[in-house]
Amino acid sequence: MALTTQGEIIVLRCTGKSHLLRLFFPYFSQKRALSWTQNRELILCKNTKIAPNSTRALLLEKFGVALKDHKIEEAWYIFKDYRKSYDISDCSLINRLLTGLSYSSDSQWLRRACDLVFKHWKRKSHIFHVEVLAKLALSVARAEMPVPASMILRLLLEKKYLPPFDILNLVFLHMVKTEIGTYLASNLLFQISDCYQHITIWGSNLRNKMKSDTIIFNLVLNACVRFGSALKGQDIIEFMAQSGIVADAHSINIIAQIYEMNGQRDEIKNYKGHVDRIPVALVPHYQSFYNSLLSLHFKFTDISAAAELVLDLDRHREALPLNDEQRPHLVSVGSPNLKSGLKMRILPEQLNIDRTFEAERKEDLVAVRNGKFNLTNKALAKFIYGYKRIGMISELSKLLLSIQEQKASSGRNHLFLCVINACIGIGWLETAHDLLDDFEFVGAAIDSSAHIALLEAYYKQGMLKEANGLVKQMKKSGVLSSCFDETIIFTGLLEKAAATEPSSNVSSAVEYSDLTKMLVQIIEEEEKSTPCVLYELNTSIYFFCKAAMMEDALKTYRRMQEMEIQPNEQTFAILVRGYSSLQMYRDVTFLWGDMKRSMVRDNLVISRDLCESLVLSFIRGGYFERVMEVISFMMDHKLFADKGLYRYEFLKLHKNLYRNLSTSEARTEAQRKRLEHVCEFRRWARIN
């Protein structure tokens, strides 16, 4: 035990509180001020009148020293002791503590800082400095705690405060590293705009800030692609168009990927004319854009459009100069035939290099080598399968010849040989023979190994008539120059054929190449793929919804059912958003019924994005029984529900709904049930 005197204050340090009380109660009356610190120090005052101020001063002094020395735990417990005896309406005290906690890398202390804010916000929001809360939100987001970070940002929005965009960009940068953070960041973008749209001056300033800063949208859009949140990405694209955000080269690439995920080919085609005019220096950057467009052509089984795109990739680009005039172009979001349609402002040549954002390049179908576009094995396999499916092998030959001519490579027959061998490898011998005929007809040099491999495959399959025809062709073309050559080849082929199992379709002269493997994979995928007619019908429904022609959209939807084509998630999402945009919420309840039946009957899978659209529509329409149905579905399927967003939407529209009405006061059974569902939602969303 140690006893020290500091002016009018006595400080005693010992091992236990009870021991201190037994020692000091004989000397000090119970009226004199006593204060404890976390270090088991008892502060007593000789003079009762000055005790409170002196004790408070000492606690504050020790608090400041602890923060200065970065002793967060000690500062926290001193603050707790201070809070027991004094009011915390002192702004500097709690903001100094929050600042100190914000520098901690320990998630436990960051969570305590957030809990401190949430506990006192309702009654004492005025004591918190918004700049301190902004820093806290950044620290929490950096620690990958997106939910409390979003809650802090929403509290700032309540005070009509928006952090500087450089801080906001960093907060979003860390939030979108996780799937839940991406959902929250997306919703925050909409809430920020919604909070400011009715405030003329601030709203105008906000819109100007957002227009000049595309990074935050690129961050969220890219995360939507990464986590497969295509419907949310579509919402952000439309929000960018409404807000006048200028899409740069990064944005266009990501937008194309979202359109690809949603099967919206017409949307991405609206951008192609502008992207085609970019200078050669930017060609590699737009690899993802062309990859997505080519993928959509394949999804729509439009093999001709896919071939045309491939041949157009490297044409006339060298002559295009760099355009110094940075004037945004307007691109339709939706059909350009809609008079009231949205327009996206784009700058295809603007490529900002920013360390906070770097989109991943997608080399699925198109790759760039030495500034030139090249098809991947997957793209080649899709072309082979596509032309084979429609019986137009001659068009495949023309495409391959044109590609080879454009590349002007030294090994001119390498591409032909790979494709022929792939066809032989999976047993498409007739297709391989047709390709050989086409290439030889135009005088293309074909390696003799292709003829040998095909001939071996014919013998192995017992197709002697075809083998004899190929031999004659080989003689005519000079591949077999003498009877001696023919005898040697026949002998070797017969020996191989006898040594090989009859069930094998693969020629031993052909390696099971990467292209062959990819072709097998594509065949398997195509058997399970979505029928192209579904994409076409969805495109029609999307057009009608954007044109506010819901009767025509519904007719197309019913026709889809009559054709026994199962609507997918995109179909329902388009219809839900179409009805919601016109405040036709009752019709959304019918769609929800259709979805439930499809989930049971046809194994329809719906994402949390569609569930969220349903929840928001039902909240706006006042269908709280349906609200709780969808929320229950989300909980059962472990889908993240953004309570903050739903609470915000409810308070904006139904703040006083049934607030002072009890169940016993309900006039009808329907009103009683509705009251129960509203109360259930209030409890779930933690609305007092």
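Here we summarise the structure given alongside this text.

### Some points on unusual backbone geometry
Here is step 1 of the chain: Despite not being glycine, Glu564 shows a phi value in the positive range, around 60°.
Here is step 2 of the chain: Tracing the backbone shows Glu564 in the loop between helix H26 (550-562) and helix H27 (569-581).
Here is step 3 of the chain: Phi at Gln583 takes a positive value of approximately 60°, unusual for a residue other than glycine.
Here is step 4 of the chain: As for its placement among the helices and strands, Gln583 is situated in the loop between H27 and helix H28 (585-601).

### Some thoughts on the packing of helix H19 (residues 414-425) against helix H21 (residues 448-460)
Here is step 1 of the chain: Between H19 and H21, the least distance of the axes is 10 Å, while the angle of their chain directions is 10°. Considering their axes alone, H19 and H21 lie roughly parallel with respect to each other. Taken together, the residues of H21 that come into contact with H19 (itself represented by Leu417, Ile420, Asn421 and Ile424) are Ser449, Ala450, Ala453, Leu454 and Ala457.
Here is step 2 of the chain: Its residues assigned to classes, the contact of H19 with H21 comprises 7 nonpolar, 2 polar and no charged.

### Observations concerning the packing of aromatic side chains
Here is step 1 of the chain: Throughout the structure, instances matching the rule amount to 22 aromatic pairs.
Here is step 2 of the chain: On the basis of an interplanar angle of 85° and a centroid distance of 5.4 Å, the ring pair of Phe190 and Phe239 is categorised as edge-to-face. A residue pair is termed long-range when its members are at least 10 positions apart, and Phe190 in helix H9 (residues 179-196) and Phe239 in helix H12 (residues 230-243) qualify at 49 residues.
Here is step 3 of the chain: Residue classification places Phe190 among the partly exposed positions, given a relative accessible area of 23%.
Here is step 4 of the chain: Exposure remark for Phe239: the relative accessible area of 7% places this residue in the buried category.
Here is step 5 of the chain: One aromatic cluster in this structure is built from Phe624, Tyr646, Phe650, Phe681 and Trp684.
Here is step 6 of the chain: Positioned above the aromatic ring of Trp109, the side-chain terminus of Arg112 is 4.6 Å from the ring centre.

Each value, and the rule that gives it
Residues numbered from 1 in each chain as written. Predicted model: local features only at pLDDT ≥ 70, side-chain atom pairs only at ≥ 80, totals over all residues. Heavy atoms only, no water. Helix = DSSP H or I, 4+ residues; strand = E, 2+ residues; numbered from the N terminus. Axes fitted to C-alpha atoms, helices over the stretch in contact; angles between N-to-C directions. Parallel < 35°, antiparallel > 145°, perpendicular 65-115°, else oblique. Contact = heavy atoms within 4.5 Å. Nonpolar A, V, L, I, M, F, W, Y, C, P; charged D, E, K, R; others polar. Phe/Tyr/Trp six-rings, centres within 6.5 Å; stacked < 30°, edge-to-face > 60°. Buried < 20%, exposed > 50% of the residue type's maximum accessible area, 1.4 Å probe, protein only. Lys NZ or Arg CZ within 6 Å of the ring centre and 35° of its normal.

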